[in-house]
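One-letter residues, chain by chain:
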Amino acid sequence: MSGPNRRRRRSRPQAGGDQRDRWMITYADLITLLLIFFVVMYGMSRLDPEKYQLVTESLQATFQSGDSILEMGSGITGTADTENHKNPPSKAEEDSADDAEDAGPLSERELAFRAQEEELASFMGLIQQYVKDNQLEDDIFISDEPQGIAITLSDRFLFDVGRAELKPGAAPVLGKLASLFENLDTTVSIEGHTDDVPIGRGSIYKDNWELSGARAMSVLRFFLEKEGLDPADFQYAGYADTRPAADNTTPEGRQKNRRVEITVLRQLRQ
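Bear in mind the structure is a predicted one, so any value in this text is a computation, not a measurement. Residue positions are counted from 1 within each chain, in the order its sequence is given. Reporting of local features is limited, given that this is a predicted model, to residues whose pLDDT is at least 70; pairs of side-chain atoms are given and counted only at 80 or more, and all residues count toward the totals for whole chains, interfaces and linings. Side-chain descriptors were evaluated using all non-hydrogen atoms of the structure, hydrogens and water having been removed beforehand.

**Student:** Got a sec to walk through unusual backbone geometry? Specific residues and values, please.
**Tutor:** One non-glycine residue, Gln135, adopts positive backbone phi at about 55°. For helices the rule is a DSSP run of H or I covering at least 4 residues; for strands it is a run of E covering at least 2, with both sets numbered from the N terminus onward. With respect to the helices and strands, Gln135 occurs in the loop between helix 4 (108–133) and strand 1 (140–145). Relative accessible area serves as the criterion here: at 69%, Gln135 is assigned to the exposed category. If you check the backbone angles, Ala240 has positive phi at about 55° while not being a glycine. Between buried and exposed lies partly exposed: a residue is buried under 20% and exposed over 50% of the maximum accessible area for its type, with that area taken using a 1.4 Å probe on protein chains only.

**Student:** Kindly report on the packing of aromatic side chains, identifying the contributing residues and their values.
**Tutor:** By convention, a stacked pair of Phe, Tyr or Trp rings (six-membered ring in the case of Trp) has centres within 6.5 Å and planes under 30 degrees apart, an edge-to-face pair has planes over 60 apart, and any other such pair is tilted. As enumerated under the stated definition, the model contains six aromatic pairs in all. Plain terms: the ring middles of Phe37 and Phe38 are 5.5 Å apart, the flat faces sit at 70° to each other, and that makes the pair edge-to-face. On the accessibility criterion, Phe38 (53% relative accessible area) is exposed. Plain terms: the ring middles of Phe223 and Phe234 are 5.6 Å apart, the flat faces sit at 20° to each other, and that makes the pair stacked. With a gap of 11 residues between them, Phe223 in helix 7 (residues 208–226) and Phe234 in strand 4 (residues 234–238) connect regions that are remote in the sequence. Judged on exposure class, the residue Phe223 and its partner Phe234 are both buried. Through a chain of ring-to-ring contacts, three or more aromatic side chains come together here, namely Phe123, Phe181, Phe222, Phe223 and Phe234. Cation placement over rings: the criterion is NZ of Lys or CZ of Arg within 6 Å of the ring centroid and within 35° of the ring normal. Here Arg243 stacks its cationic end above the ring of Tyr239, 3.8 Å away from the centre of that ring.

**Student:** Describe the confidence of the model for the chain, naming the residues involved and giving the relevant values.
**Tutor:** Predicted confidence across the chain gives a mean pLDDT of 80, with 72% of residues reaching 70 or more. Confidence per residue, as judged by the predictor, is encoded in pLDDT with a range of 0 to 100. Within the chain, strand 3 (residues 188–193) carries the highest mean pLDDT (96), whereas helix 3 (residues 91–102) carries the lowest (57). Contacts from residues 68–72, a stretch scored under 50 in pLDDT, to residues over four places away or in other chains number 15 contacts. This model gives residues 74–83 a pLDDT under 50, and the stretch forms 20 contacts once residues within four places in sequence are excluded. Note on contacts: a residue pair is in contact if any heavy atoms of the two residues lie within 4.5 Å.

**Student:** With reference to specific residues and values, describe the pairing of strand 5 (residues 259–265).
**Tutor:** Taken across its seven residues, strand 5 has seven buried, putting it largely inside the fold. The alternating pattern of strand 5 places Arg259, Glu261, Thr263 and Leu265 on one face and Val260, Ile262 and Val264 on the opposite face, and all of these are buried. For strand 2 (residues 148–154) and strand 5, the ladder comprises seven bridges, and the chain directions are antiparallel. Across the sheet, Thr152 pairs through a bridge with Glu261, a residue of strand 5. With six bridges connecting them, strand 3 and strand 5 associate as antiparallel partners. Looking at the pairing, His193 lines up with Arg259 of strand 5. DSSP bridges decide pairing: two strands pair if at least two such bridges lie between them.

**Student:** Explain empty space enclosed by the protein residue by residue, including any values.
**Tutor:** Only protein atoms enter the 1 Å grid, on which a cavity is a set of points fitting a 1.4 Å probe that cannot get out and a pocket is an open set with protein on both sides within 12 Å along at least 5 of 7 lines, lining residues being those with an atom within 4 Å of a point. Grid points are joined across faces, edges and corners, and a volume is the space filled by probe spheres set on the points. Counted by the stated rule, this structure contains one cavity of 30 Å³ or more. Here the largest cavity defines a volume of roughly 40 Å³. In this structure, the largest cavity is lined by Ile127, Tyr130, Val131, Ile140, Ile151, Val173, Lys176 and Leu177. Listing elements by their share of the lining of the largest cavity, those giving two or more residues are helix 4 and helix 6 (171–181). Amino acids outside the nonpolar list (Ala, Val, Leu, Ile, Met, Phe, Trp, Tyr, Cys, Pro) and the charged list (Asp, Glu, Lys, Arg) are all regarded as polar, and Gly is one of them. Class assignment of the residues belonging to the lining of the largest cavity gives a composition of seven nonpolar, no polar and one charged.

The following block contains the structure:
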């Protein structure tokens, strides 16, 4: 009895050692699976340009050759539609068709508006070319505003500081404008503007209101007295510093605010 019992007791430590080493098998399997996973991922990440190009061309040819399946088309599959049907028109298409049918010839006022727009566009192009040819970009600014074509003249070449008499050098520019105004069938507005610096004590003008109005009047009188234009075609006003175009806290801003704006109004006469 003692011999077999001794042998069984000796075999138990060997079985316990096998149990402790089993984790290595699981660990090895896990490492093997991870290695296979990364090999597969690496293989998938390598794109074959030739195969990709073949697939792309095949898809493009398929979609380009297919007719519309919406209106009597054969579709991508190439099966022809045997039914003679057409998609119903949308609400927008119906409204557009109705408007086209209901719209008759343009009224005289609509035709006049179109003619005026063409006239203003031509006028703006001529002024822009004149400014460019004479290198006056620093003193004359032209813009297309909702109310009309605005021509902003800096006071640097129009007037001396604190005065409203036109400088001799302003005559060519104003003369060019007058020659273009003759062909326009609209109203021209002349507005004088100043910065917010108060008028000096030695000035003949009480304040910036008088100065801005006098400067606008000087430009207007040039058109009427020197160029002989019709007074009914013009209107003028002085706004002092109430409508600044820039910040009055800087010298550059104040310079932009001292200006005369001539606007060819976008409106029809009654």
